[in-house]
Amino acid sequence: MDGRRTLRRVSRVAVAVTALAALLVLAAGANAAHRTTTLTVWCWTPSDDALKTADAGFAKAHPDITLNYVQIKPQDVYQKLQLDAAAGSGFPDVSCIEDSHLAQFTKLGILADITKQAAPYKKQIQAYKWTQETLNGHVYAFPWDAGPMGLFYRRSVFKSAGINPSSIHTWNDFYKAGLKLKKLGIPIWLQSKSQNDARFFEDLLWQQGLGYVDAKGHVVLDKSPKVLATLQFLGKMWQSGILGDQAEWTDPWYAAITDAKVATLPMAVWMGTFLKSWLAPKTSGDWGVIPLPSWTAKGPHTANDGGSSLAIFKSSSNFNAAWQYVQWHLGRADVQAHMYQQTDIFPSLESAWRSPYMRQADSYYGGEKQRQIFETLAKQIPVAHIYSSDYEQMDSLMSTELQKFALGKETAQQALKNAASAIRSRTGRS
Amino acid sequence: MSPADRPARAAGLSRARRALRRTGWPLLFVSPFFVLFGVFSLYPIGFSAWLSLRDWSLTGPARWVGLDNYRALLHDALFWQSMLNAALLFLIYVPAMTLLALVLASLLNSRYVRLQGFWRTLIFLPYIMSGTVAAAFTFQLLLDRNSGYANKFLSFLGVSPVPWLDSTWWARISLGLLVMWAWLGYNMLIMLAGLQAIPPELSEAARVDGAGPVRIFCRITVPLLRPVIVFSVTLSIIGTFSLFTEPLLLFPVAGGPANAASTPVLQIWQNTFAFLRVGYSAAMSWVYLAVIVVIALTQYFLVSRGDRYLVDRR
């Protein structure tokens, strides 16, 4: 009998809980019917800070749209999106996606088609960006920043080594400067042997219009003598001892940059954000920028590293508001120029380059007009096939072989052959 | 069926009802486990078997590929390398850790050591701190070749720096050290429980017969503790092959130099979530399961033969 009474009590509690839940659902529904729209935007730092610089203007123009930023690291964005794709829900309205990973998500079919909305911008934005936003003729993300690469250098270090920055035109000049710096015990650049992430190698390939695959998607890593020569050059730099053996984005790496224990950073324009904001704010004036050393006398003197886009998700019930957001933040020259001024995230929207700000001297770089240098470089970015829907996998397989090569466990030929065959068998490409 | 059967049937029914009432509530109370097990273990296991025969990238239809995934896996150098890594890692740290756990447990079980509770807590602390992530990052900082305290200390002693995270062998040793640090206390606790189950009369009798402490340890304690040691080593085998957080976070690039410290579970995770090769990694998990079962069974039969011998003698 006791059991029956307990059962009755349990069922009474259950009814109460159900009623409460129903009330809550009703309340939530009523809330949603309210006229303001809330957009959820996923992005990482410092890009989210860059986007926020435009929010005041956006709020004035669109008082009915509330923004809810969620700060997530790039790798976590991708992980979350993949799990959401598997579950079929949980997507934000808008998210930042790096160009390196964009193709993976356009292929998953979770991004909204913005072909029609983006059409007016086609000619205003750097051409190379559109190839990454497009799948089968449809545009699935709006281009934000480009990653033109230059050579950041430490003025004081160059001076004490007796190196004239304007004498560095080619990678061979870079190598010779490295030998001079070696006498001072300062590496010209840091490239880990055992923990190499292949990113610098990819940059060097990009500069020459090379990549993992060709325009048709066939793996060409082991078929190009230029790719082999590039890897051998990297090996030559390691062997001569001009490179410091330190993994990037680790505390000792940060310390080396802060404490002038490395002479140059052949990196993309966005590195400026990190330098100025927290890596080395106190070294203002001691930095300079020159174009990236080239492989031939004619150039090109840059490559692309990184870059990102904003994507709207198919699942979003606020597509129009989301498009207003994207258009305001990425499609307006004044907004983009302001963003670049605040954060060194380089606009691929070419009309933003006409801002007088682009030609101003920058005291952090010793009064150099560094933005003009990057503008010139951005126009030279070659088309290369590094990023694809299989990029994550190609990069991972290449890293492993690059590490073996750097540690002297295999030759450059073997490394490329092994990486290429692993990529072929894993991605099913020919 | 005759009418006479009816009362009997009714009685049977009410007996069944009574039995249900007697067992119904207990069943209801234990059911959450079975429901959760079904939803979160049984179903995923079945789903992964289904997936392992298909090509799927998280969205869209899963394409039937038969045994293709398993066939490709045979030639996957990285996967077999990760199996080999786990085996090497096991050899690097498990014998040392088991022995150390045994010795520490014996010390802390003897009447000669004071502050037993304090020492036990201290050794067990890394396990309950549940901070694998924090520990991995701390070890990364400590073991950095150029700026880590480990090498600074060595250079203070006049020893040349060690490439802790930068050579294939040292990467495995460093990973072993991290795992040992985290799991020593747990294994010690298991051994301690085993030791406390051994009647003290046995060692007292041996002492009366003139046996020294070392002899008692080797001839009485260790043989009687054998089932506990087998248990602890079996857990260590499974634990080593399924290491994930440690090799992911200890090195700046997951899996360490040239994948020398990558484990099967790290490979499975990478293939699922970084490369979106879900069917392929499902096949990987089944092969991984098979390998672990074979190793654990082999080890069990090799080591536990002695137990039967002991029992027979008694």
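Here, the structure is the one placed above.
Below: a short report on this structure. (Residues numbered from 1 in each chain as written. Chains lettered and ligands numbered in written order. Predicted model: local features only at pLDDT ≥ 70, side-chain atom pairs only at ≥ 80, totals over all residues. Heavy atoms only, no water.)

### Concerning the interface of chain B and chain A
Inference 1: Residue-level contacts link 31 residues of chain B with 30 residues of chain A.
Inference 2: Summing both partners gives a buried area of about 2600 Å² for chain B against chain A, and 53% of it is carried by carbon and sulfur.
Inference 3: Put simply, chain B and chain A have two salt bridges between them.
Inference 4: Its salt-bridge partner being D76(B), residue R426(A) comes within 2.9 Å of it at the nearest N-O pair.
Inference 5: Run the count over chain B and chain A and you get twelve residue pairs in polar contact (both at pLDDT 80 or more).
Inference 6: Of all elements in the fold, only α5 (132–143) and α11 (264–274) of chain B reach the threshold of two or more residues within the side of chain B that touches chain A.
Inference 7: If one sorts the elements of the side of chain B that touches chain A by residue count, α11(B) sits on top with six residues.
Inference 8: In terms of residue class, the side of chain B that touches chain A is made up of 15 nonpolar, eleven polar and five charged. (Contact = heavy atoms within 4.5 Å. Buried area = accessible area lost by both parts, 1.4 Å probe. Salt bridge = Lys/Arg side-chain N within 4 Å of Asp/Glu carboxyl O. Polar contact = N/O pair within 3.5 Å; in protein donor to acceptor, adjacent residues only side chain to side chain. Helix = DSSP H or I, 4+ residues; strand = E, 2+ residues; numbered from the N terminus. Nonpolar A, V, L, I, M, F, W, Y, C, P; charged D, E, K, R; others polar.)

### A few points about the sheet that holds strand β6 (residues 142–145) of chain A
All names here are of chain A.
Inference 1: Taken in spatial order, the five strands of this open sheet run β2-β1-β3-β12-β6, and their pairing is mixed. Two strands close off the open sheet at either side, each with one partner strand: β2 (65–71) and β6. Neighbour-to-neighbour, the strand axes of the sheet open up by a mean angle of 25°, direction not taken into account.
Inference 2: Across seven bridges, strand β1 (residues 37–43) lies against β2 in parallel orientation. Following the sheet pairing, C43 is matched in β2 by Q71.
Inference 3: Against the sheet, helix α4 (residues 74–87) makes contact with β1 and β3 (94–98), and its axis sits at roughly 120° relative to β3, the strand it touches most.
Inference 4: Contacts between helix α5 (residues 99–108) and the sheet are confined to β3, β6 and β12 (308–312), with β3 contributing the most and set at about 120° to the helix. (Pairing = 2+ DSSP bridges. Axes fitted to C-alpha atoms, helices over the stretch in contact; angles between N-to-C directions.)

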